[in-house]
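Observations on the model geometry
The chain contents come next:
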Amino acid sequence: MASLFSTEALLALLTLTSLEIVLGIDNIIFLTLMVNNLPEVQRPKARVFGLGLAMLARIALLLSITWVMKLNTPLLTVMSRGFSGRELILLFGGLFLIAKSTHEIHGSFEPEPPCTLQATRKNPPRLLFALTQITLIDIVLSLDSVITAVGMSLHLWVMISAIVISILIMMLAANAISQFVSTHPTIKMLALSFLMLIGVTLLGESLDFHIPKGYIYFAMAFSFAVEMLNIRIRRWRQ
């Protein structure tokens with residue numbers, strides 16, 4: 001029991017929690033955009049349930065890590081190029097993110113008409129569809145972080161605790177992020193561009209084009225910083 005709460009285990013918990021939060025930024029972006037498409041009354045429920053399902057999906061993925069590690073075995077061959085299960089997941093996940101972000105960008109220029117009473121009655125299936133997409137995308141985006149977690153710690157409780165803590169922090173921040181994106185249309189467009197960038201990255205990973213994550217996060221942080229300066233300038237001019 002003493003080894004479970006050793007300094008090494010606690011440092012691993014802190015490191016993994018920070019890693020999960022950083023790698024969860026793209027999940028927060030996707031969740032925010034999906035939730036903002038729902039009726040106002042359903043958004044708090046969608047955030048909590050979406051992140052809750054994401055947490056359960058990550059824990060289930062962690063517990064089935066033996067199966068995840070075997071995903072590197074080629075399952076499909078196309079033109080003498082073998083694709084493993086992991087690469088197929090990244091491929092279809094990347095294509096989905098690119099298609100989803102493109103559709104959302106197109107919808108921003110051609111907004112849908114106001115919801116009618118008939119459309120309001122269809123909210124439960126719409127909520128369920130959004131939660132399903134959030135969970136599936138979280139699984140795709142969490143593959144590398146879960147494998148990294150296994151490589152950094154030998155204690156299962158450390159890995160599960162890091163996932164739970166990071167999701168709880170995301171739950172606290174999700175509402176503020178969602179409101180900020182809703183009130184700043186340019187931030188939403190920037191977030192959609194980030195999603196497309198992440199989709200291209202996943203697509204490249206599936207084809208053995210390894211793009212360092214540091215470059216991606218630096219580009220996202222730099223673009224966000226520039227946009228924040230633009231927002232401040234627009235406020236100052238008003």
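Owing to the predicted nature of the structure, the values given are computational and were not obtained by experimental measurement. (Residues numbered from 1 in each chain as written. Predicted model: local features only at pLDDT ≥ 70, side-chain atom pairs only at ≥ 80, totals over all residues. Heavy atoms only, no water.)

Here we come to the overall build of the protein. Within the protein, the secondary structure is distributed over 10 helices and two strands. N-terminal to C-terminal, the α/β element order of the protein is α-α-α-α-β-β-α-α-α-α-α-α. A total of 238 residues make up the protein; the buried ones form 41% of that total. Put simply, 84% of the contacts in the protein that link residues at least 6 apart link residues at least 24 apart. For the protein, the exposed area adds up to about 13,700 Å²; of that, 72% sits on carbon and sulfur atoms. (Helix = DSSP H or I, 4+ residues; strand = E, 2+ residues; numbered from the N terminus. Buried < 20%, exposed > 50% of the residue type's maximum accessible area, 1.4 Å probe, protein only. Contact = heavy atoms within 4.5 Å. Areas by Shrake-Rupley, 256 points an atom, 1.4 Å probe, with all protein chains shown as cover.)

Further remarks concern the packing of aromatic side chains. For the structure shown, the criterion picks out one aromatic pair. A centroid spacing of 6.3 Å and a plane angle of 20° characterise the contact between Phe218 and Phe222, whose relative ring orientation is stacked. Pair noted here: Phe218 and Phe222 are both in helix α10 (residues 213-237), with a separation of four residues, about one helical turn. By the burial criterion, Phe218 is exposed, and Phe222 matches it. (Phe/Tyr/Trp six-rings, centres within 6.5 Å; stacked < 30°, edge-to-face > 60°.)

What follows is about the layout of surface pockets. Vacant regions in the atomic arrangement are exposed by a probe of water-molecule size rolled over the atoms. Size it by volume and the second largest pocket reaches roughly 490 Å³. In this structure, the second largest pocket is lined by 22 residues; those nearest its centre are Ile25, Ile28, Ile29, Ile177 and Phe224. Looking at the lining of the second largest pocket, the elements with two or more residues in it are α1 (7-23), α2 (25-36), α8 (156-183), α9 (185-206) and α10. Broken down by element, the residue count for the lining of the second largest pocket peaks at seven residues, all from α8. A breakdown of the residues in the lining of the second largest pocket according to their chemical character gives 20 nonpolar, two polar and no charged. (1 Å grid on protein atoms, 1.4 Å probe; cavity = no way out; pocket = protein on both sides within 12 Å on 5 of 7 lines; lining within 4 Å. Points joined across faces, edges and corners; volume = space filled by probe spheres on them. Nonpolar A, V, L, I, M, F, W, Y, C, P; charged D, E, K, R; others polar.)

Before going further, it helps to spend a moment on the side chain of Gln133. Position of Gln133 among the secondary structure elements: in helix α7 (residues 123-152). With a relative accessible area of 7%, Gln133 lands in the buried category. Among residues more than four places away in sequence, those in contact with Gln133 are Phe30, Met34, Phe96 and Lys100.

Ranked by size, the top nonpolar core spans 41 residues in total, and within it Ile29, Phe30, Leu97 and Leu202 carry the most contacts. Within the residue set of this core, elements represented by two or more residues are α1, α2, α3 (43-63), α5 (85-109), α7, α8, α9 and α10. Each residue touching Ile29, except ones within four places of it in the same chain, is listed here: Ala191, Phe194, Leu195 and Met220. (Core = buried A, V, L, I, M, F, W, Y, C linked by side-chain atoms within 4.5 Å.)

Moving on, we come to the confidence of the model for the protein. For the protein, per-residue confidence averages 75 on the pLDDT scale, and 79% of positions sit at 70 or higher. The secondary structure element of the protein with the lowest average pLDDT is helix α6 (residues 117-120), at 45, and the one with the highest is α3, at 84. In this model, residues 115-123 is a region of pLDDT below 50 whose contacts with residues beyond four sequence positions or in other chains number four contacts. (pLDDT = per-residue confidence, 0-100.)

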